[in-house]
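Okay, here's what each chain looks like letter by letter:
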Amino acid sequence: MKLKSFKPFFFCASLVLSLHVQAQKSAKLTSFVDPIIGSAKHGHVFVGANVPFGAVQLGPNNIMEGWDWCSGYNYVSNTITGFSHTHLSGTGIGDLGDISIMPVTGATILEKGKKGAEEQGYLSTFTHQNEIAKAGYYSVLLDKYKIKAELTTTDRVGFHQYSFPKNSVTPHIVIDLVEGIGWDAPTNVSFKQVDATTIVGNRNSKGWANDQRLYFVIKFSQPINNFDIYDDDQLKKSKEVSGKKLKAVANFTSINNNKLQIKVALSPVSIENAILNLKTELPGWDFALTVKSADAKWERELSKVKIDASANTKKIFYTALYHTMVAPSIFNDVNKDYLGTDKKIYRAANFTNYTTFSLWDTYRAANPLYTILHQDKVSDVVNTMLAIYKEQGKLPVWHLMGNETNTMVGYHAVPVIVDAYLKGYRGFDANLAFEAVKQSAMQKTNGIEYIQQLKYIPAEKVNESVAKALEYAIDDYCIAMFAKALNKTEDYQYFSKRAQLYREYFDQDVQFMRGKMADGKWRTPFSPVKAKHREDDYTEGNAWQYTWLVPQDVEGLIHLFGGNKSFVNKLDSLFIVPADLGESSSPDISGLIGNYAQGNEPGHHIPYLYAYAGQPWKTADLIRKIDNDFFTAKPDGLCGNEDVGQMSAWYVFSALGFYPVNPANGAYVFGTPLVKSATIHLPANKEFDIRVINNSVANKYIQRITINGKPYNKSFILHKTIVNGGEMQIYMGNTPSKTWGVNAADLPVSTK
């Protein structure tokens, strides 16, 4: 009788569960994106409205309170100084923040205000309860003015909608061309009122990027009652003013239907092109339709990978996938005009020009991810790099807004270009590409001159010598592979030798990569755990972390250790030995497991190295721990800088079950999938289906794999297998397999 009485309950519970699962499967993928994830602590992600790879990143800026406000916003803040149109996402340096717009009421205030004295400025406080952040849309209530701000964008146009309270007193808009993020500062700016609803101008500035040039047109949905321009807070009589510290106030007698809309189009070329961008991309005033269009663009890109997983994993995964598409960002106009690094205007280019290349980060996983998911953009990225090479005489290092910042070490445009070529991309000039990558390796700077002589870099002569040398060796390996593909035998032999120079820094006695002096002696004193930010032999790291930076020749690294057993013993120790970085270490060294730092890019491949020694189950243990500890659906859900998509690309790959240890050999090493299934949608209506059988918290070890119904024993998968389409089934279990991925013939191979 009791069992009978519970049947309706079980039936209802099952029905509710079934409906919930069905709802999750049919939900739009954008509903799983939470742009707030990674906005607290060191994540530094952009929060606001944008479209995939768009030129505009329109979002709120807080009062700058330190390094963790590099993107202009940190979740712990409760202030908004305005909504600006350009932002970086996840870098360690503050820049951009162009053209800040703030809706206000009451007396005109020209100062933005300070923390603790908010009432003295035009800024407003806000609460997260009144904030909405979605893919392509941002909204917040400004407490001070009771104004609801809503933002969305097209590729090159920011669209604002402000709902004012009824009978607002003296409503106006503050347009601030002084305000920037971090150390961005204006050098030459201008305003011109064209008519009752149109303002044009430019903002040239100097920050991390030395010479930034941006033109704009601002269009209001109703006539301005009066437009006041201030130069260094002094009111000017003219409606056309140039200067350095300009702000403007657009005054309105009242707001029609209490709702004011503003469109702001950007151009790196001219005011005329900004106007053309506006007319082409957003001629109308339908805000809701523009939000819908932005959402559709995100949905289309996110739909390239459809996964079945828990709601929490879906949220983390699709937010990560979203973060990989904030940049690189478009840096041209609708007519394909763009501003070159040489500050010349290039008209009607035959490729889409991009900017924001954080290559020290993204060459590791983000750019390889594009070769699978964004095949239509790969050649454009390469063509942009080749254009930069012709304009500035070398490939980009860390490129931003038509400027070379020369940030970080290595010449990592090389693996991006080589990876594209070796994977079959031919939408660029291969001969020019080889010329460019070779030129990178033949510069006479940063210790490269020693490498050219097949020598090590003396530690006392070049700062960060070990990090630079190891990164150069990776890039030189890529050049060698490119030369081989082009039948350039002499270049292949030379760069193959350079790729092996990493061996010069390995001290057999202590089994660490360390600095070597000009006299051949090791630098002393030596501590494998200490790190001094940008002032020792490493770059944002210590010897424990950099000893493993040989993704191009893991077999050779294993040989240096004396074989698999000693290699694995040392690798085990990395995750056990307590970190003692010292007071001068880099804040980027975060997300620690022992001395392993998930929060910084040079170590991202390390958990996958166990596969090369025939112990893939240890990779699985680590991936599950990293997933559990360092990727969450909370504001502090990233353990380090997002770094323009690299941190998230690591997660996207790892969740699918594999990762590109070698950035240019066309192979991905298996780890442990975090999803139940995934379908990668490819061009020409191809699909690569991944079915994970018996996946669970306990069942984290791969037991066997089939591809297109045939047994597959190797612990890596080739790029061509994925992009050709097909089906892979991964069978999981709760104990390490004694047969899968352990035999010598099945281990990953650095060079095919």
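Everything that follows concerns the structure shown earlier in this document.
Notes on the structure in this doc start here. (Residues numbered from 1 in each chain as written. Predicted model: local features only at pLDDT ≥ 70, side-chain atom pairs only at ≥ 80, totals over all residues. Heavy atoms only, no water.)

Things to note about the overall build of the chain
And then number 1: Assigned secondary structure in the chain consists of 18 helices and 38 strands.
And then number 2: The globule rule puts the C-alpha radius of gyration for 752 residues at 27 Å, and the 27 Å found for the chain is close to it.
And then number 3: Dimensions of the chain, computed from C-alpha atoms along their principal axes, come out at roughly 90 × 80 × 50 Å.
And then number 4: Counting across all 752 residues of the chain, residues that qualify as buried make up 63%. (Helix = DSSP H or I, 4+ residues; strand = E, 2+ residues; numbered from the N terminus. Rg over C-alpha atoms; globule rule 2.2 N^0.38 Å. Buried < 20%, exposed > 50% of the residue type's maximum accessible area, 1.4 Å probe, protein only.)

Considerations on the side chain of His719
And then number 1: Relative to the helices and strands, His719 is located in helix α18 (residues 719-723).
And then number 2: Other than its neighbours up to four places away in sequence, His719 contacts Thr371, Ile372, Lys423, Gly666 and Tyr668. (Contact = heavy atoms within 4.5 Å.)

Concerning helix α2 (residues 271-281)
And then number 1: Of the positions making up α2, those classed as buried are Asn273, Ala274, Asn277, Leu278 and Glu281. In a view along the axis of α2, the buried residues occupy a sector of 145 degrees, so they form one face of it. Summarising the geometry of α2, the exposed residues directed more than 90 degrees from the buried face are Glu272 and Lys279.
And then number 2: Summarising the contacts, the buried residues of α2 are in contact with β9 (157-163), β13 (212-220) and β18 (259-267). (Arc of directions from axis to C-beta.)

Here we look at the sheet that holds strand β37 (residues 716-718)
And then number 1: Taken in spatial order, the 3 strands of this open sheet run β31-β32-β37, and their pairing is antiparallel. Looking at which strands have only one partner, the edges of the open sheet turn out to be β31 (658-659) and β37.
And then number 2: Bridging between β31 and strand β32 (residues 667-670) involves 2 bridges; their strand directions are antiparallel. Paired with Phe658 across the bridge in β32 is Phe670. (Pairing = 2+ DSSP bridges.)

Details of the pairing of strand β4 (residues 100-104)
And then number 1: For β4, a buried count of 5 out of 5 residues is recorded, marking the element as mostly surrounded by other parts of the structure.
And then number 2: Looking at chain direction, β4 and strand β10 (residues 172-176) are connected through 5 bridges and run antiparallel. The residue of β10 that forms the bridge with Pro103 is Ile173.

Some details on the packing of helix α8 (residues 413-422) against helix α11 (residues 465-485)
And then number 1: One way to put it is that α8 packs onto α11 with a least axis distance of 9 Å and a crossing angle of 30 degrees. Between α8 and α11, the angle is such that the two are roughly parallel. Here the hand of the crossing between α8 and α11 comes out left-handed. Residues Val414, Pro415, Ile417, Val418, Tyr421 and Leu422 of α8 lie in contact with α11, whose contacting residues are Asp475, Cys478, Ile479, Met481, Phe482 and Ala485. (Axes fitted to C-alpha atoms, helices over the stretch in contact; angles between N-to-C directions. Parallel < 35°, antiparallel > 145°, perpendicular 65-115°, else oblique. Left-handed = near helix turned anticlockwise from the far one by under 90°.)

Observations regarding the environment of Ala149
And then number 1: By the element assignment, Ala149 lies in strand β8 (residues 147-153).
And then number 2: With a relative accessible area of 0%, Ala149 lands in the buried category.
And then number 3: Sequence separation between Ala149 and Val47 is 102 residues, and the spatial gap between their C-alpha atoms is 14 Å.
And then number 4: Dropping the residues within four chain positions of it, Ala149 is found in contact with Phe83, Tyr138, Ser139, Val140, Gln161 and Tyr162.

Points about empty space enclosed by the protein
And then number 1: On inspection of all chains with the given rule, the structure shows 12 cavities of 30 Å³ or more.
And then number 2: Only β18 and β20 (329-330) provide two or more residues apiece to the lining of the largest cavity.
And then number 3: Here the lining of the largest cavity is built from residues that sort into 12 nonpolar, 9 polar and 1 charged.
And then number 4: Here the second largest cavity is characterised by a volume of approximately 80 Å³.
And then number 5: Tallied by class, the residues present in the lining of the second largest cavity amount to 9 nonpolar, 2 polar and 2 charged. (1 Å grid on protein atoms, 1.4 Å probe; cavity = no way out; pocket = protein on both sides within 12 Å on 5 of 7 lines; lining within 4 Å. Points joined across faces, edges and corners; volume = space filled by probe spheres on them. Nonpolar A, V, L, I, M, F, W, Y, C, P; charged D, E, K, R; others polar.)

Overview of the layout of surface pockets
And then number 1: The calculated volume of the largest pocket comes to roughly 370 Å³.
And then number 2: Forming the boundary of the largest pocket are 14 residues, of which Thr313, Arg624, Leu674, Ser696 and Val697 lie nearest the centre.
And then number 3: Per-element accounting of the lining of the largest pocket gives the leading share, 3 residues, to helix α16 (residues 616-630).
And then number 4: Classifying every residue of the lining of the largest pocket by side-chain character gives 5 nonpolar, 5 polar and 4 charged.

Thoughts on the nonpolar core
Soluble globular proteins tend to bury their nonpolar side chains together.
And then number 1: With 216 residues, the main nonpolar core has Ile173, Phe220 and Phe567 as its most contacted residues.
And then number 2: Among the elements that make up this core, the one with the highest residue count is α11 (14 residues).
And then number 3: In this structure Phe567 touches Trp548, Val554, Leu557, Ile558, Phe561, Leu609 and Ala613, once residues within four positions along its chain are discounted.
And then number 4: In this structure, Val157, Val200, Ala265 and Leu282 belong to the second largest nonpolar core, which totals 10 residues. (Core = buried A, V, L, I, M, F, W, Y, C linked by side-chain atoms within 4.5 Å.)

Observations concerning the sheet that holds strand β38 (residues 726-733)
And then number 1: Taking strand neighbours across the sheet as the criterion, the 6 strands line up as β19-β33-β34-β38-β35-β36 in an open arrangement whose pairing is mixed. In this open sheet, the two edge strands, each paired with only one partner strand, are β19 (305-308) and β36 (710-712). Shown here is a sheet whose adjacent strand axes are inclined to one another by a mean of 20 degrees, direction ignored.
And then number 2: Relative to β36, strand β35 (residues 701-707) is paired through 3 bridges, and the arrangement is antiparallel. What sits directly across from Ile707, in β36, is Lys710.

Some thoughts on the pattern of salt bridges
And then number 1: This model, assessed by the stated rule, comprises 29 salt bridges.
And then number 2: In this structure, Glu464 engages Arg534 in a salt bridge whose closest nitrogen and oxygen atoms are separated by 2.4 Å. Of this pair, Glu464 sits in the loop between α10 (448-452) and α11 while Arg534 sits in the loop between β28 (512-513) and α13 (543-546), and the two are 70 residues apart along the sequence.
And then number 3: With a relative accessible area of 27%, Arg534 lands in the partly exposed category.
And then number 4: Taking the shortest distance from any N to any O, the salt bridge between Asp537 and Arg523 comes out at 2.9 Å. You can see Asp537 sitting in the loop between β28 and α13 and its partner Arg523 sitting in the loop between β28 and α13, a full 14 residues away along the chain.
And then number 5: The partly exposed category is assigned to Arg523, whose relative accessible area is 28%.
And then number 6: Taken together, the shared-partner salt bridges connect Asp98, Asp184 and Arg203 into one network. (Salt bridge = Lys/Arg side-chain N within 4 Å of Asp/Glu carboxyl O.)

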